[in-house]
Amino acid sequence: DKAPLSKSLLLVPSAISILLTLLFQHYQKFFAYNLQAVKEDFQIWRLVCGRTICLDLKDTFCSTLLIYNFRIFERRYGSRKFSSFLLGAWMLSALFDLLLVEITQYIFGITINSLPSGFLGPVFALFVPFYSSIPRVQVTQVLGHFSITNKSLVYILGLQLLTSGSYIWILALSGLISGICYNSSMLKVHRILCVPRWVAKIFSWTLEPVFSSAEPTNEVRVGMGATVDIQRQQRMELLDRQIMMSQVAQMRRQRQQQGGMINWNRLFPPLRHRHNANYQDHPSEQGIPPPTEVSEEQVARLMEMGFSRGDALEALRASNNDLNVATNFLLQH
């Protein structure tokens, strides 16, 4: 739900990859990521075809699972901003692919004529916001020393994709560099490489109805295997959100009856207990905790999403500078 672009990236390239592997093998040559043909014969179209469709079913399977897990960014930022990130990472990673191949040949004397094909550069680039913006929650421990978190499965899939080919490390490195460049506030790449608003409207009118899904019901089915822990964490987040909204509604009613401002720092008690490593409660004699310093970078990111500065400051102070929780809170109000 609310991720039509992720759904299209999951279905369309996978279907084409399966058809090319099983039925149309003689057309696979048109989707090969042949760098020699690009540099010597100026076949620029191979940068588009070769960097879109996977010719290896293992790469197809791993990349589609990663896109499914990264759909959270489309739900958080919207389809236009998510597509802008993918477009920028796709274009930057193509440049870094050529640079890394030349550097490898210059330093190690290894000539690389072709690379694994597929939409792999942007997939590896998505690990950058995944590492920096998705909170890490411990689920369990193995042998008492190795922590298993809600992000471990995604990292394992990325490692599996990284080891599936001989030169796929070049695509992974170029994707990570492009993701860092696009997320950097200093380079301002996101202001240059972005999808125009009119293009986003055309796709929302034409393709979004095809790939849109109905809103899921409140009843959550129990998954199997490794997905049980992930769904358990989703239930915990949903419960925290419901508690948060009920507390906000109660505080608003009290403000309407008594007047005054809402004490935002009294909200989110479950989050204080969960993130006790990053937040310490030192109440004063009146029982009011000290104000939390707000990161201006996170305020700017919330303002880029369309929220006012005052709302962003209040949400970040209430959530102890947790950008994920603050974003969810502002989207619900």
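Look a little higher up for the structure.
Here the structure is a predicted model, which means the values were calculated and not measured. (Residues numbered from 1 in each chain as written. Predicted model: local features only at pLDDT ≥ 70, side-chain atom pairs only at ≥ 80, totals over all residues. Heavy atoms only, no water.)

It is worth spelling out empty space enclosed by the protein at this point. Taken as a whole and judged by the stated rule, the model has four cavities of 30 Å³ or more. What the second largest cavity holds in volume is close to 80 Å³. For the lining of the second largest cavity, the elements supplying multiple residues, two or more each, are α1 (4-22) and α4 (57-69). Top element by residues in the lining of the second largest cavity is α4. It accounts for four residues. For the lining of the second largest cavity, the residue count by class is five nonpolar, five polar and no charged. (1 Å grid on protein atoms, 1.4 Å probe; cavity = no way out; pocket = protein on both sides within 12 Å on 5 of 7 lines; lining within 4 Å. Points joined across faces, edges and corners; volume = space filled by probe spheres on them. Helix = DSSP H or I, 4+ residues; strand = E, 2+ residues; numbered from the N terminus. Nonpolar A, V, L, I, M, F, W, Y, C, P; charged D, E, K, R; others polar.)

We now examine the nonpolar core. Counting residues in hydrophobic clusters, the biggest one holds 43 residues, and the most contacted among them are L66, F70, F73, L115 and L161. Looking at this core, the elements that each hand over two or more residues are α2 (35-40), α4, α5 (71-77), α6 (79-108), α7 (120-125), α8 (127-133), α9 (152-162) and α10 (168-183). Ranked by the residues each element gives to this core, the list is headed by α6, at nine residues. Those residues in contact with L66 that lie beyond four places of it in its chain are V123, F127, V154, L157, G158 and L161. Judged by nonpolar contacts, the second largest core, of 12 residues, contains V299, L313, L316 and L323. (Core = buried A, V, L, I, M, F, W, Y, C linked by side-chain atoms within 4.5 Å. Buried < 20%, exposed > 50% of the residue type's maximum accessible area, 1.4 Å probe, protein only. Contact = heavy atoms within 4.5 Å.)

Together, I18, L19, L22, L23, F24, Y27, F30, W45 and L57 line one region of the surface with nonpolar side chains, adding up to about 830 Å² of accessible area. The greatest single-element share of the nonpolar patch, amounting to three residues, is contributed by α1. By the secondary structure assignment, W45 is in helix α3 (residues 45-49). (Patch = residues over 30% accessible without salt bridge, like charges linked within 9 Å, V, L, I, M, F, W, Y side chains within 5 Å. Areas by Shrake-Rupley, 256 points an atom, 1.4 Å probe, with all protein chains shown as cover. Salt bridge = Lys/Arg side-chain N within 4 Å of Asp/Glu carboxyl O.)

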